[in-house]
Structure formats: structure tokens, C-alpha cells
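# Residue-level structure breakdown
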Amino acid sequence: MLKIHNLHAKVEDKTILKGLSLEIKPGEVHAIMGPNGAGKSTLGYVLSGRDGYEVIDGQVELGGKDLLELETEERAREGLFLAFQYPVEIPGVSNMEFMKESVNAMREARGEEPLSAAEFLKKAKEACKQVHLPLDFLKRGVNEGFSGGEKKRNEIMQMILLEPKLCILDESDSGLDIDALQVVADGVNSQRSPERSFIVVTHYQRLLDYIKPDFVHILADGKIVKSGDASLALEVEKEGYAWLGGKAQEADA
Amino acid sequence: MSEQIEQALSRKYEAGFVSDIESETFAAGLDEEVIRKISAMKNEPQWLLEWRLKAFESWQKMEEPEWAHLHYAKIDYQAISYYSAPKSMKDKPKSLDEVDPELLRTYEKLGIPLYEQQMLAGVAVDAVFDSVSVVTTFREKLEEAGVIFCPISEAVHRFPDLVKKYLGTVVPRSDNYFAALNSAVFTDGSFVYIPKGVRSPMELSTYFRINEQNTGQFERTLIIADEGSYVSYLEGCTAPQRDENQLHAAVVELVALDNAKIKYSTVQNWYPGDENGKGGIYNFVTKRGICHTNAHISWTQVETGSAITWKYPSCILKGDNSVGEFYSVALARGKQQADTGTKMIHLGKNTKSTIISKGISAGDANNAYRGLVQMGPNADGARNFTQCDSLLIGDQCGAHTFPYIESRNPSAIVEHEATTSKVSDEQLFLCQQRGLNAEKAVSMIVNGFCKEVFKELPMEFAVEAGKLLEISLEGSVG
């Protein structure tokens, strides 16, 4: 599914990723944890091709294709989805309109017919219910006036509608109370399948109680410094990142 | 990022073709003789010739206004031809079959096939092609309802009393420099009269198109909605691509008598000039309406074209309880300059006005909103709400807001809100991450920004406005 080899990337003049390697097979859930400034969010942005995030070395393949050769929207159409940590507002553009364009852009890339308004509405309503958002959210402007928790649920709704191959969840748990966390986790779990893979970026072990990862990786100073199974997250929870010593300090700086 | 946006915005001007049609054009220059010739060509009555000559006299004494936030080389009014008519129009066509097929193809290229419109759209089109009204469709059906919709040159002969009674009553012939020029040399335009209590059975629509080189287009439109009547009117404008600047100085006068409502929508797509600011239309337009008791005038404009836009569709709220509205989207990109807005003159009691202005600037463009809200001493309980939003795309463009508020009545309430925002990298990235290309993303964000105005446009024209901004309108949500 996804192969990252020796990835180096910088933002402006600062090198953030310093030789990150990771392989994800279809159906797997990988959690990425690490101290602030380790490069967790950067990884999501680099993979999805955000402007200003420059790859200086390494390779990334998604489904056998050279991901780094593709434009941002092409990567999305290849099935890469990023759930944003801080989703931005687009005033006046309704969620419905935005998602319909988006779903149909994906369908077009797959050589499928666009959905009619009625077909789309049906799917959108289901997805809305699944993340416990009232249906009038479809009519509201994208993220316009949404609370933090609503924004996160809205991201998961988009993920459900877009049916991506690889989902990157960038701190989808931050700022959520326990009920909202459960809703987000349920939404994610409902989408787990043998074909779909997840990268769950989180600061806290808490989310992983709800979304059980197959692997946990610790990212520090732009590299994966330790990998293990779900128990590694518990260890981190107990010990913190102090054991990383100088590396974590440096990354924080 | 800004590069992507630039690309998205630097689309070609699609209406920039020239039609090969034989025309009769006056030599460049303006003097009394030219005005007499225009009047004679149109076989006008003496009173109108005199009216023109008086306007010309005032114009000669006036100075071109310089207060607008616009920069352009002085216009040489003697280098412009003031009359151009397709030759085949000299004997006016009785039906579409008699219209020059080349002319009809021009309209088709513009996406307004007259045949199709006749059959499907239910829109009556009075197409103005370099000064002379070419063909008026649906006239019969309208006349059945008592609605008069014809070229103003024809109305001068068929309805002289109406024209004489109202012409120049809302925009006096010496109102301003460009209005005076128009009054002196106007060649054609539309005339509309809706009788008492009649609701026009269809939207009325006029397409203006400038074809000849070095001709100004000076059309004059007069709409009279008699007591308790209703009409919705749309003008769409395009012009071919030329290296020279072309002058367009139009006048539109609306008269809404007691309890009448006029909705006037404009989609303006004149040639904006090339990326270096060469060529393009100079659009100096005076539009004004007067509202009598309980009357309602609503201006909606989508301005995407022209090198220079100088335009302030206004309402004089003379009658008690009358309502004026102004909804505007002005997009300026490249080297375009726009100075546009409105005037709401509250004279009557409990008069209400709403101003929603959306200015979008991209490239090196400058976009200014200029608005006057005036509360007269008798305007007890009058209210105005103004919302003025600017959207910047890129970092080389400018947005300017010049609101003027004058209140001479302590019971009047005036509200003004203004915002300035940018199409952000984050918004663009979100759209692209969801599979949309940059062009689609920008147009979607711009569309969202303009939504409050677009929803005021008649449905069939909202689509056109959307197309102009490379956007698709929202699917209907249950």
C-alpha cells in the first residue's frame, strides 16, 4: 500500500523529516506518536503534497505509484485522505456542495459516472448520521461556525464519503471530550477494511483505546525511533517521552 | 500558491471575437453636426434634437470627474466615432428570418441563440448591436399583456408622450459628465413600460455588444413601472477583443410608481484588456431609479469585465415606505480597475435600503467600493444596512472602501459592516486534498463569497454569472 523510504523534508529552511521509513500494508492501522515538534503533522502534509513542504530526499510509493511525482489533488484522487487537525472554514460554500464536487472528482478519476444530486444526498445523509451530526450541517458553510468537535466529526464524515485507500488522521482526537472521541473512533472503525489502511497521528494513548492499532511508531526528531505493537503506546503513556532524552529535547527546540 | 491562483484566473476572454458585418460608421469626432446627423439618422422629432443639443452644450462646459480611484490616460473624445450601425439593419428586419445570419451566429457564440431562447427560455431579448436594436423577440406576447418592450429609438416614435414625460427625469441630461455625453449622443437602448397592476409575463433581457472598432456605445434605457406593476430586467454585456480602449457611457433610468417593483440585473463581461492592461472597455455608466410610495427597486450586478468600471446604480427613495436594494459582485483581475458602489437617497418616511457589496481583487487589480447613504430631514424611521466585503487573491491587488454617510434625521438608522479577507493557502490546500484542482478550488471559494448576491439573480442568469466566475452553483439541498 504505502512505502516510505528514507524521507527527508523541509519547511522553509528547516529540515523536519530526517530519514523516515515506514511500510504500511492494506488493512493495517499504524499509530504515530511522539513529542511536540517531532514532525508528526509534517508527515501528513508531506505525503499529501502541501505547498511549502519540500521533499529533499527519499521515495514514497502509494499503491505502486511514485507519490511524490503527483500533484496534491492527484494524490487525493489516488485515495490519499488527510483528516485535518485544524480544518479551515470556507464561508458560503455549503458542505453539501463541497463534498459533492469532491466525491465526483474522485469518481471521475476512477472512471465512474458522477453521482446525481439525489444519489449524493442519500449517501451524505447516512454519513452525517454516522458521525452524529444534524442534517443541517450539510447545508452549512464548510466548517463555518463549527465547534472544534464538530469540525473533527465533519472530517470523518468526509472520509466516509470519499472511501479513500489510505487515511491519515492528524490528531483527530485533540480537543474532543470522551463522547465526541467515541463518535470519531466509531466512524473510523466502521471504515476499517482489508483494503483500507490508516495512519493515526496522536499525542495521547487515549485514542488508541478506541482505535486499536496494529503497529505503534514513535517519531522523534524526524525519524521513527521505535516501533512496536499496541503495548508500546501504553508504555509511552506511562513513561512519557523522557527516555528519548536529548533527541526529544532537540525536537522541541 | 499564488502562481496556481494566477493560472486559474488568467483564463482567456471567450467573447473576444469580431463579427464580419458591413457597417455604416460615422467618422470620428464630436460636434453639433454629428448630433444633428445622429438625430436625423433616427428621424427624431425636433424636441429630442433640441434636448440632445442642450445636453451637448452642458457637456462642453463640464469637466471629466477625477475623484474616482481610477488611473487612465485622458480620453480623446474627438477620436471616437459616435455612430455605427450594421448596414443590413437599415431596413429593419420584420422577423428573425430577415436578420443577417452572421449576426445571429455572433449571438450564438455568445451563448444566446435567439431561436432557442424564443422556444425554450421564455426570455424576450432586445439585442443591441453597436447602437441599433437588431431584433426584439416576444414582443407580441408582451404587448398582449400591455407591456411595451422595444428599442428606445422606436419608442420615441410610437410612444412619444411616455418618452417625453420620463426621459431625463431620473438622470437629468446635465447630471454628470458621462450622462451629459450620453444624452447628447445616445444611439439606442431599451424602452420598457409596464402598465398599472401588470406583472410582466416574462423576464426582459437585453444583450449589449460592442463590435465596431473605435466606436463608443452610448445606450440609453428607460424603464417605467406603473402603479402596482412588476418587472424583472436583465442586461448582459460583452465586447470583442481590441487593442484600443473603447468607451461605453450608458444611462439607465428606472421609474417605479406607487407600489411598483423593478428588479434590474446586470451581468457585465466587457473585454477587460490584456494582461499588460492594453485595450479593454472604459465603462462609465449612470444608473439610477426613483421609487414612489411603497415602491421597490432592486439592483443586482455581476461585474467581471471592463478595463475600467465607474458605476453607481442608485435609488432615490422619494415615496414613503419605499425600498431600495443594491447587490453587487465586482471582480477585478490583471490590470482591471473598478470603482463601483451605489447611492441610497432616503427622502420619504420609513424608507429602507440594503447594500451588499462583494469586491474580489486578483493580480494587480484595484477594486473600490464607493457608496453614499443619505438620510433626508423628512426620512423619519428610515433604515439602511450596508455590508461591504472584500476578498483578495494574491498579494499585489488592492481593495478600497469609501463609504459616505449623511444623516439629517435623528430617527434614521444606518448600519455599516465591512470585512476584508484572503483566499488562504489553507483553504486551497483543503480543496486540493479533497481532489479539486486549484482552478476549481478558487472558483468555489469565490462563489461562496458571492453567494448572497448570486441568490438575488434570476435563476436562468445566476447560471450565467456562475459560469463567468468559473463556478458551478450549488446542488439543491433538500
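A brief look at the structure comes next. (Residues numbered from 1 in each chain as written. Chains lettered and ligands numbered in written order. Predicted model: local features only at pLDDT ≥ 70, side-chain atom pairs only at ≥ 80, totals over all residues. Heavy atoms only, no water.)

### Concerning the packing of aromatic side chains
To keep things clear, this is the line we draw: Two rings from Phe, Tyr or Trp (for Trp, the six-membered ring) form a pair when their centres are within 6.5 Å of each other. A pair whose planes differ by under 30 degrees is stacked, one over 60 is edge-to-face, and the rest are tilted. The numbering of helices and of strands both runs from the N terminus, where a helix is a DSSP run of H or I of at least 4 residues and a strand a run of E of at least 2. To sort residues, take the accessible area from a 1.4 Å probe on protein chains only and compare it with the maximum for the residue type: under 20% means buried, over 50% means exposed, and anything in between is partly exposed. Geometrically, a charge over a ring is one whose NZ (Lys) or CZ (Arg) sits within 6 Å of the ring centre while staying within 35 degrees of the ring normal.
Applying the stated criterion to the full structure yields 24 aromatic pairs over all chains. Measuring from centroid to centroid gives 5.4 Å for Trp59(B) and Tyr177(B), while their planes differ by 40 degrees, and the two rings are tilted. In this pair, Trp59(B) is assigned in helix 3 (residues 46-61) and Tyr177(B) in helix 9 (residues 177-185), connecting sequence segments 118 residues apart. On the basis of relative accessible area, Trp59(B) is assigned to the buried category, the value being 7%. The structure contains a cluster of three or more aromatic residues connected by ring pairs, namely Phe56(B), Trp59(B), Trp67(B), Tyr72(B), Tyr77(B), Tyr177(B), Phe178(B), Tyr282(B), Phe284(B), Trp310(B) and Tyr312(B). For the cation-ring pair, Arg140(A) lies above Phe137(A), with the distance from its terminal atom to the ring centre recorded as 4.5 Å. Directly above the ring of Phe186(B) sits Arg220(B), whose terminal nitrogen or CZ lies 5.8 Å from the centroid.

### Points about the environment of Val142(A)
Rules: The contact rule is simple, with two residues in contact once any of their heavy atoms fall within 4.5 Å.
Summarising the element assignment, Val142(A) is placed in strand 8 (residues 141-142). On the accessibility criterion, Val142(A) (0% relative accessible area) is buried. Counting along the chain gives 52 residues from Val142(A) to Ile90(A), while the straight-line C-alpha distance between them is 5.1 Å. Excluding its chain neighbours within four sequence positions, the residues that come into contact with Val142(A) are Val88(A), Glu89(A), Ile90(A), Val93(A), Ser94(A), Asn95(A), Phe98(A) and Leu430(B).

### With respect to the interface of chain B and chain A
When the parts of a complex come together, some accessible area is lost, and that lost area is often used as the size of the interface. Spelled out, the test is: Two parts lose some accessible area (1.4 Å probe) when they are put together, and adding that loss for both gives the buried area. Within this document, salt bridges are pairs made up of a side-chain nitrogen of Lys or Arg and a carboxyl oxygen of Asp or Glu, the two lying within 4 Å of each other. Polar contacts here mean pairs of N or O atoms no more than 3.5 Å apart (in protein, one a potential hydrogen donor and the other a potential acceptor; neighbouring residues in sequence count only if both atoms are side-chain atoms). In this count, Pro and Cys sit with the nonpolar residues alongside Ala, Val, Leu, Ile, Met, Phe, Trp and Tyr, while Asp, Glu, Lys and Arg are called charged and the others, Gly among them, polar.
Between chain B and chain A, the contact holds 27 residues from the first and 34 residues from the second. Of the roughly 2600 Å² buried between chain B and chain A, counting both surfaces, carbon and sulfur atoms make up 61%. Counting across the interface, chain B meets chain A through four salt bridges. Two residues, Glu101(A) and Lys440(B), come together in a salt bridge whose shortest N-O distance is 3.7 Å. Where chain B meets chain A, there are eleven residue pairs in polar contact (both at pLDDT 80 or more). Going through the elements one at a time, helix 10 (425-433) and helix 11 (438-454) of chain B are the ones with two or more residues in the side of chain B that touches chain A. By residue number, the principal contributor to the side of chain B that touches chain A is helix 11 of chain B, which donates eight residues. Grouping the amino acids of the side of chain B that touches chain A by side-chain chemistry returns eleven nonpolar, eleven polar and five charged.

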